[in-house]
Amino acid sequence: MKAIKPILIFFIILTFLSCDSPKPIPLDDQNFNKDWLFQKGEIKNGESFVLNDSEWRRLNLPHDWAIEGPFDKKHNARTGGLPVHGEAWYRKHFTISKDNIHKTISVEFDGAMNNAKVWLNGTYIGERPYGYIGFEFDLTKHIKFGEDNVIAVQLAPQDLSARWYPGAGIYRNVRLKINEPIHIPQYGTFVTTPEVSKEKALVNVETKIANLSGTALEVVLKTSIKNNKGKVVAEDTSTFNLDKETKENIQITINNPDLWDITNPVLYSATSSVLVGDILLDEYNTDFGIRTIDFDRNKGFLLNGNQVELNGVCMHHDQGPLGTAINYRAKERQMQIMQSMGVNALRTSHNPPSPEILKVCDKLGIVVIVEAFDEWKIGKVENGYNKYFDKWHELDLRDMIKRDRNHPSVIMWSIGNEILEQSQKDGWKVAKLLNDICHDEDNTRPTTVGFNYFPAPFVNKLADYVDVIGMNYWPENYNEILEKNPNYIVYGSETSSQTSSRGVYHLPIEFNEKHETNHVSSYDVIVGPPWAYAPDIEFDAQVKAPRSLGEFMWTGFDYIGEPTPYGGSDNSTHGYWNLDWPSRSSYFAPVDLAGFPKDRYYLYQSQWTEEPMVHVLPHWNWEEKEGESIPVFAYTNAEEVELFVNGKSFGKKVKGKDITEIPSEYHFFKKGMYKSKYRLSWNVPYQAGSIKVVAYNDGKEVATKGIKTADKPHKINLVADRTEITSDGTDLSFITVKIEDKDGNICPMADNIVKFKIEGEATLAAVGNGDPTSLTSFQANNKEAFNGLCLLVVKSTEKSGEIKITATSDGLEPQTIILNSM
């Protein structure tokens, strides 16, 4: 009987809560991304409720205004030659029924780039300068129930706020949340698995519950655990008196758990239901995985007790031609391509990631280092995070951890990258400050930093205040660090920085700082910044340092901005990188900006995968070099490879025994010939026809790859990654456009301009070709091929139906393909 009185009081206060039967109250309105109004430029009284915005552009979020262009040298090649700075406004009109008058209303942004300020109905609500962090504001006091409401967001990104392309706009998802006064707030659960075995797992669920009703009540928290098939496998119910706010910890045992692993990424879900009496007030779902992680100075990284070598990549947050406007399918495609290369780990360089990329990694089985900052108090660029560090670092770091700590894929918190405090005698104080915050929010994962100075972070004690030591570009020093500091755990947090352009081969193979074409040879001999070195050097370093956890190579995908080795100026750290315009995107990755693998992709695949493979380069169209010697390289994970030219064998080479000498540069201008045991090579007199490599294990053929001399361009071939997509207005199909000769061979130097016509239930999302120097808009209806390939990306509408895509080019046979939106 004691529970009846507070429940009655509760209903008197919350008249509209009554219902005939228990039912969940939705946490968010998934349609809040739709029908925003956008205007770029300084708008006087842009926040005003009465502002006439009828002529503003109407669009859906997420939105990156900078990717729309145009490319222009004045915009700074360091950030992609795109308009990433300036002021812009977003406004949205919406109505909330009077039925919700006793509920709490909030708005949640996953990220807005940047310097975001938010108003509701002309009243200032709040701000958040860091564009990579999510935030939520309570709107309740200023909502006009049953009337028109206007939320206004001002963004004012500055040039050189980052060392790469940051994008601009409300580029991540936005949600309107309508909650009862008693509810689970933002980031309200923390799921851990303190005890795990094959027989059982102990799951601890910490649930935060807020009570804004002004009345203490008896509340019931029901927690249900479901497996990946949706079956309830465990439940717990607790009852307690709730005044204003509480954190409830419950422990549930799951028998015979299915453990989350790289090869078995199985997810569970915890549903936290909050009730008063039999009235369901809130329902909050948390996906999680059951697994253990450990970092051992001798055994390395252990996942569920098993040693895992980290074959990792660093990735910036853009999605190539799509820009930064987050799209789940775009992220999924990126990581699927990485996984096919052999990648099992991701470092989110150099900022908090989107929720979508972590969901993708959870589902694919890719472990993640979530990184917080590229700067602390000392800046690298003119308008970097150092301007906000003192005021915002703690809130930003805590929010990042609280948001991401339920993801089983997340294994470490990185508190910084190449921070300049390494050289300061008191730099350890900032490291300790951030390290302590991480441990306070989450004591289940270690901290790390990507250090690029040596031995400064050790001399100045920064390394003593993180759990795992990341070293950027110091492969020869792993063992030295471990010998001098036997309790340290070390890995390559950023490695190689090899550069190349897909399908470009410069002969002869030699050192070349730059080339007149603004391209870099895909023979992958070093042309890059002074800290860079060939991947082969890191492969050897990891073998020589078995206590290293592994490596994170720079970078998985090419990204917009930072066009090293092109660009630069007399003050390139802080200034404009426009000396080698039109270079405007990076050359670092084994996969180009459009998602097409370069030759180096297969070099990594030959080291990081077990399924037999072999790759051969270069192309075989060298008419101007008839009879001259052409270097032919092969990459394989098999024991040996045989090369055939026009059917004639040029002999077998044994991996690990036959050495290929390549011009290389290691760490600040140390040049020489590096003896690589990871590449097989032959010098072959050129004769048109074909080359083919055959890989063998135990003398048996296990893989083959061939290239034919292509005739002149004759036709277009369209290949969609998926022919069926979801009709939700966000799903994508990535269509590879190949320029082929009459026999279906790709023309390796074709640059034909291809025009696209899209009919039916899709729109053009982007075009690309992977050329870091192309200035054609990513949103044009045409694109020139780069070395025989370009890309079309289409986005579904919200209607089911057929999608007809036709590609045409002067002098070529067109092609049409049909997709379906379901």
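Everything that follows concerns the structure shown earlier in this document.
Read on for an overview of the structure. What you are looking at is a predicted structure, and each value in this text was computed from that prediction instead of being measured.

Re the overall build of the protein
Each helix and strand counted, the protein has nine helices and 47 strands in total. Computed over the C-alpha atoms, the radius of gyration of the protein is 28 Å, within 12% of the 28 Å expected from 2.2 N^0.38 for a compact globule of 822 residues. In terms of its C-alpha atoms, the protein occupies a principal-axis envelope of roughly 95 × 65 × 55 Å. Expressed as a percentage of the 822 residues in the protein, the buried residues total 62%. Across the protein, the fraction of contacts at a sequence separation of at least 24, relative to all contacts at a separation of at least 6, is 71%. If you sum the accessible surface of the protein, you get close to 31,700 Å²; carbon and sulfur atoms cover 47% of it. In the protein, which carries 88 positive and 111 negative side-chain charges, the distance between the mean positions of the two groups comes to 1 Å.

Topic: the packing of aromatic side chains
Applying the stated criterion across every chain, the model contains 34 aromatic pairs. Look at tyrosine 505 and tyrosine 523: their rings are 5.5 Å apart centre to centre, the planes differ by 70°, and that puts the pair in the edge-to-face class. Remark: tyrosine 523 occurs in the loop between strand 28 (490–496) and helix 8 (535–544) and tyrosine 505 occurs in the loop between strand 28 and helix 8; sequence separation between them is 18 residues. With relative accessibility at 12%, the residue tyrosine 505 sits in the buried group. Taking NZ or CZ as reference, arginine 405 lies 4.1 Å from the ring centre of phenylalanine 190, over its face.

Remarks on the sheet that holds strand 19 (residues 293–296)
One open sheet holds the three strands; their spatial order is 19-20-21, and the pairing between them is antiparallel. On the outer flanks of this sheet lie strand 19 and strand 21 (306–307), each paired with one strand and no other. Pairing analysis gives two bridges linking strand 20 (residues 300–303) to strand 21, with the strands arranged antiparallel. When the bridges of strand 21 are listed, leucine 302 appears paired with glutamine 307.

Some thoughts on the nonpolar core
Counting 121 residues, the largest nonpolar core has Met335, Met338 and Trp376 as its most contacted members. Those residues in contact with methionine 338, other than ones at most four positions away along the chain, are Val313, Met315, Val343, Gly556, Phe557 and Val591. By size, the runner-up hydrophobic cluster in this structure holds 40 residues, among which are Phe32, Phe94, Ala168 and Leu176.

Concerning the pairing of strand 9 (residues 148–155)
Put simply, side chains in a regular strand alternate between the two faces of the sheet. With respect to burial, strand 9 is a largely interior element, seven of its eight residues being buried. Examined bridge by bridge, strand 4 (residues 88–95) and strand 9 share eight bridges and lie antiparallel to one another. Residue pairing for strand 9: threonine 95 is matched across the bridge by aspartate 148. Pairing of strand 6 (residues 116–120) with strand 9 involves four bridges; the strand directions are antiparallel.

Considering the environment of asparagine 115
Position of asparagine 115 relative to the elements: it lies in the loop between strand 5 (104–109) and strand 6. Look at asparagine 115 and you get buried, because its relative accessible area is 16%. A sequence separation of 28 residues divides asparagine 115 from glutamate 87, and the C-alpha atoms of the two residues are 9.8 Å apart. Those residues within four positions of asparagine 115 in sequence are excluded, and the remaining contacts are Arg128, Pro129, Gln154, Leu155, Ala156, Pro157, Gln158 and Tyr388. At a separation of 2.9 Å, a polar atom in the side chain of asparagine 115 contacts the main-chain carbonyl oxygen of alanine 156.

What about the sheet that holds strand 44 (residues 782–784)?
Spatially, the five strands line up as an open sheet ordered 40-47-46-42-44, and their pairing is mixed. The sheet is open, and its two borders are formed by strand 40 (724–725) and strand 44, each paired with just one other strand. Alignment of strand 46 (residues 801–808) against strand 47 (residues 815–821), held across seven bridges, turns out to be antiparallel. Note that in strand 47 the partner of isoleucine 803 across the bridge is leucine 819.

Description of the pairing of strand 33 (residues 648–654)
Here strand 32 (residues 640–645) pairs with strand 33 via five bridges, running antiparallel. Paired with glutamate 640 across the two strands is valine 654, which belongs to strand 33. Linkage of strand 32 to strand 33, two consecutive antiparallel strands, is achieved through a turn of two residues, within which asparagine 646 is found at a positive phi near 50°.

A few points about the environment of alanine 695
Following the sequence through the fold, alanine 695 ends up in strand 37 (residues 690–697). In this structure alanine 695 comes out as buried when scored by relative accessible area, which is 0%.

Section: the side chain of aspartate 110
The topology assignment puts aspartate 110 in the loop between strand 5 and strand 6. Only 2.4 Å separates the side chain of aspartate 110 from the side chain of arginine 175, close enough to count as a polar contact. Sequence-distant contacts of aspartate 110, defined by excluding residues within four places in its chain, comprise Tyr132, Ile133, Gly134, Arg172, Asn173, Arg175, Pro355, Glu356 and Arg403.

A closer look at unusual backbone geometry
Put simply, tryptophan 554 and threonine 555 share a cis peptide bond, and its omega is -20°. As for its placement among the helices and strands, threonine 555 is situated in the loop between strand 29 (550–554) and helix 9 (599–608). Following tryptophan 581, the chain continues to proline 582 via a peptide bond in cis, the omega torsion being 20°. Of note, proline 582 is situated in the loop between strand 29 and helix 9. Even without being glycine, asparagine 518 reaches a positive phi, approximately 65°. Looking at the secondary structure, you find asparagine 518 in the loop between strand 28 and helix 8. A relative accessible area of 11% means that asparagine 518 is categorised as buried. You will see that asparagine 787, though not glycine, has its phi angle at about 50°, which is positive.

How each quantity is defined
- Residues numbered from 1 in each chain as written.
- Predicted model: local features only at pLDDT ≥ 70, side-chain atom pairs only at ≥ 80, totals over all residues.
- Heavy atoms only, no water.
- Helix = DSSP H or I, 4+ residues; strand = E, 2+ residues; numbered from the N terminus.
- Rg over C-alpha atoms; globule rule 2.2 N^0.38 Å.
- Buried < 20%, exposed > 50% of the residue type's maximum accessible area, 1.4 Å probe, protein only.
- Contact = heavy atoms within 4.5 Å.
- Areas by Shrake-Rupley, 256 points an atom, 1.4 Å probe, with all protein chains shown as cover.
- Lys, Arg positive; Asp, Glu negative; His and termini not counted.
- Charge placed at Lys NZ, Arg CZ, Asp CG, Glu CD.
- Phe/Tyr/Trp six-rings, centres within 6.5 Å; stacked < 30°, edge-to-face > 60°.
- Lys NZ or Arg CZ within 6 Å of the ring centre and 35° of its normal.
- Pairing = 2+ DSSP bridges.
- Core = buried A, V, L, I, M, F, W, Y, C linked by side-chain atoms within 4.5 Å.
- Polar contact = N/O pair within 3.5 Å; in protein donor to acceptor, adjacent residues only side chain to side chain.

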